[in-house]
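Analysis of the macromolecular model
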Amino acid sequence: QVQLVESGGGLVQAGGSLRLSCAASGSIFSINAMGWYRQAPGKQRELVAAITSGGSTNYADSVKGRFTISRDNAKNTVYLQMNSLKPEDTAVYYCNAPRLRVGETGALLDAWGQGTLVTVSS
């Protein structure tokens, strides 16, 4: 069973930092890109940051200069370092692997984690 599990969310004051982790486990042949999405109360889910297997990155304009996405391919893990957090960053953050190749079956999955809550207080 392939799973993505996020961790690292919590409550932090404005200006503080958090690091989110997302580990993919199970029988995995390959993962190309991985990304972080977030969904705030009453708002649609939005892409925060993405990273390819080769290390190319993209960021939402709202987080550029504050957030950094990285990955450890050997561990099938993606990270999101969040600095200078603002109250508007409050959301549930979701990890995504849109083209995950399952090793056991060869199937392609658009895999999502269960989400981790980040709350930034003012």
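Before reading further, recall that the structure is shown in the block above.
Heads up: these notes are all about the structure in this document.

Scoring rules and cut-offs
- Residues numbered from 1 in each chain as written.
- Predicted model: local features only at pLDDT ≥ 70, side-chain atom pairs only at ≥ 80, totals over all residues.
- Heavy atoms only, no water.
- Salt bridge = Lys/Arg side-chain N within 4 Å of Asp/Glu carboxyl O.
- Helix = DSSP H or I, 4+ residues; strand = E, 2+ residues; numbered from the N terminus.
- Buried < 20%, exposed > 50% of the residue type's maximum accessible area, 1.4 Å probe, protein only.
- Core = buried A, V, L, I, M, F, W, Y, C linked by side-chain atoms within 4.5 Å.
- Contact = heavy atoms within 4.5 Å.
- Disulfide = S-S within 2.5 Å.
- Phe/Tyr/Trp six-rings, centres within 6.5 Å; stacked < 30°, edge-to-face > 60°.
- Lys NZ or Arg CZ within 6 Å of the ring centre and 35° of its normal.
- Polar contact = N/O pair within 3.5 Å; in protein donor to acceptor, adjacent residues only side chain to side chain.
- Pairing = 2+ DSSP bridges.

**Focus on the pattern of salt bridges**
Tallied over the full model, the rule gives four salt bridges. Between R38 and D89 there is a salt bridge, and its shortest N-O distance comes to 3.0 Å. Highlighted residues: R38 in strand β5 (residues 34-39) and D89 in the loop between β9 (77-82) and β10 (91-102), separated in sequence by 51 residues. According to the relative accessible area criterion, R38 is buried, its value standing at 6%.

**Considering the nonpolar core**
Grouped together as the largest cluster of nonpolar side chains are 32 residues, with contacts concentrated most on W36, L80, M82, Y93 and L100. Sorting the residues of this core by element identifies β3 (18-25), β4 (28-31), β5, β6 (46-51), β8 (67-72), β9, β10 and β12 (116-121) as the ones contributing at least two each. Contact partners of L100, with chain neighbours within four places excluded, come to V2, L4, I28, S30, I31, A107, L108, L109 and A111.

**Looking at the state of the cysteines**
Joining two cysteines, a disulfide is a covalent bond between their sulfur atoms. This structure, assessed with the given rule, holds one disulfide. Here C22 connects covalently by a disulfide to C95, the sulfurs 2.1 Å from one another. Taking the sign of the S-S torsion, -80° for the link of C22 and C95, the bridge is left-handed. In this pair, C22 is assigned in strand β3 and C95 in strand β10, connecting sequence segments 73 residues apart.

**Examining the packing of aromatic side chains**
The final tally for this structure, using the stated rule, is one aromatic pair. When the ring centre of W112 is taken as origin, the NZ or CZ atom of R45, which lies over that ring, is 5.0 Å away.

**A look at the side chain of E6**
Structurally, E6 can be placed in strand β1 (residues 3-7). Among the polar contacts made by the side chain of E6, one reaches the main-chain amide nitrogen of C95 at a distance of 2.8 Å. Engagement of the side chain of E6 in a polar contact is seen with the backbone nitrogen of Q114, the distance being 2.9 Å. Not counting chain neighbours up to four residues away, the residues in contact with E6 comprise S21, C22, W36, Y93, Y94, C95, G113, Q114, G115 and T116.

**Details of the pairing of β10**
Both β4 and β10 contribute to a ladder of three bridges, which runs antiparallel. Counted as the bridge partner of I28 is V102 from β10. Inspection of the sheet shows β5 paired to β10 by five bridges, in the antiparallel sense. Note on β10: the bridge partner recorded for G35 is N96. Of the pairings in the sheet, the one linking β10 to β12 comprises three bridges and is antiparallel in character. Within β12, the residue paired with Y93 across the bridge is T116. Sheet topology note: the β10/strand β11 (residues 108-112) ladder contains four bridges and is antiparallel. From the neighbouring strand, N96 faces β11, where its bridge partner is W112. What sits between the antiparallel neighbours β10 and β11 is a turn of five residues, in which G106 has the positive phi angle 80°.

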